[in-house]
Amino acid sequence: MVDWLTMTIQMVSLAMAGWCLVSTFRDRPMVVPHLVGMGVLWLLVLGQVGASVAAMVGGDRPAETAMYVSYLATVALLPPACAVWGFMERSKWGPAVIAFACLILPVLFVRLEQLWSPVA
């Protein structure tokens, strides 16, 4: 895993969560800039997924490969799935769905780092 990319994803994700929570509290629906933000976040996540897959193909694998790959698939699918769900919900709860996903994403990346480099 690329450490600086993981940290960037976590910071962008938390910033998106804060922005979407403000929209939720202001009773605003999800708008196109929210989708653009989720698109940027998803591109960062796909970069990390690609780097992880390249490292695994190169021979550097975590001890629990199946678990790692399942978490990797989850982080790759979470942003677009929640963006679609949030955009379909045309009330104030659309941004709340995005905020929830953006709060879960950093936790998933912490778990990916734990699986990649377990403490002995």
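Residues numbered from 1 in each chain as written. Predicted model: local features only at pLDDT ≥ 70, side-chain atom pairs only at ≥ 80, totals over all residues. Heavy atoms only, no water.

As named in an unreviewed UniProt entry, the protein chain is Integral membrane protein, taken from Nocardiopsis tropica.

Our next topic: the packing of aromatic side chains. A complete count under the given rule lists one aromatic pair for this structure. Ring centres 5.2 Å apart and planes at 45° place the aromatic pair Tyr68 and Trp116 in the tilted group. Highlighted residues: Tyr68 in helix α3 (residues 65–88) and Trp116 in helix α4 (residues 93–116), separated in sequence by 48 residues. As far as the burial class goes, Tyr68 and Trp116 line up, both buried. In this arrangement the basic side chain of Arg90 is found over the ring face of Phe87, its NZ or CZ atom lying 4.9 Å from the centre. (Phe/Tyr/Trp six-rings, centres within 6.5 Å; stacked < 30°, edge-to-face > 60°. Helix = DSSP H or I, 4+ residues; strand = E, 2+ residues; numbered from the N terminus. Buried < 20%, exposed > 50% of the residue type's maximum accessible area, 1.4 Å probe, protein only. Lys NZ or Arg CZ within 6 Å of the ring centre and 35° of its normal.)

Here the focus is the packing of α3 against α4. Close contact between α3 and α4 brings their axes to 9 Å; oriented N to C, the two are set at 170°. With respect to α4, the element α3 is oriented roughly antiparallel. Contacts between α3 and α4 pair Met67, Tyr68, Tyr71, Leu72, Thr74, Val75, Leu78, Pro79, Cys82, Ala83, Trp85 and Gly86 from the former with Gly94, Val97, Ile98, Ala101, Ile104, Leu105, Leu108, Phe109, Arg111, Leu112, Leu115 and Trp116 from the latter. Across the contact of α3 with α4, the residue classes tally to 20 nonpolar, three polar and one charged. (Axes fitted to C-alpha atoms, helices over the stretch in contact; angles between N-to-C directions. Parallel < 35°, antiparallel > 145°, perpendicular 65-115°, else oblique. Contact = heavy atoms within 4.5 Å. Nonpolar A, V, L, I, M, F, W, Y, C, P; charged D, E, K, R; others polar.)

One finds Tyr68, Val75, Ile98, Leu105 and Phe109 to be the most contacted residues of the largest nonpolar core, which totals 30 residues. Among the secondary structure elements, those contributing two or more residues to this core are α1 (3–25), α2 (32–57), α3 and α4. Top element by residues in this core is α4. It accounts for 11 residues. Other than its neighbours up to four places away in sequence, Val75 contacts Val45, Val49, Leu105, Leu108, Phe109 and Leu112. (Core = buried A, V, L, I, M, F, W, Y, C linked by side-chain atoms within 4.5 Å.)

Once that is clear, we can look at α3. Compared with an ideal rise of 1.5 Å per residue, which puts 24 residues at 34 Å, α3 spans 35 Å between its outermost C-alpha atoms and is within 8% of the ideal. At Leu78, α3 is deflected by roughly 35°, the largest bend along its length, and proline Pro79 occurs up to four residues later in sequence. Turning to α3, its buried residues are Tyr68, Leu72, Val75, Ala76, Leu78, Pro79, Cys82, Ala83 and Gly86. (Expected span 1.5 Å × (residues − 1). Bend = angle between axes of the 7 residues up to and from the residue.)

Further remarks concern the UniProt feature "transmembrane region" (unreviewed entry) in the protein chain. With numbering matched to this structure, UniProt assigns "transmembrane region" (unreviewed entry) to residues 36–57, 69–87 and 93–112. A helix fraction of 100% and a strand fraction of 0% characterise residues 36–57, whose end C-alpha atoms lie 31 Å from each other. The distance separating the terminal C-alpha atoms of residues 69–87 is 28 Å; by composition the span is 100% helix and 0% strand. (UniProt positions renumbered as here; feature names shortened; annotations may be inferred.)

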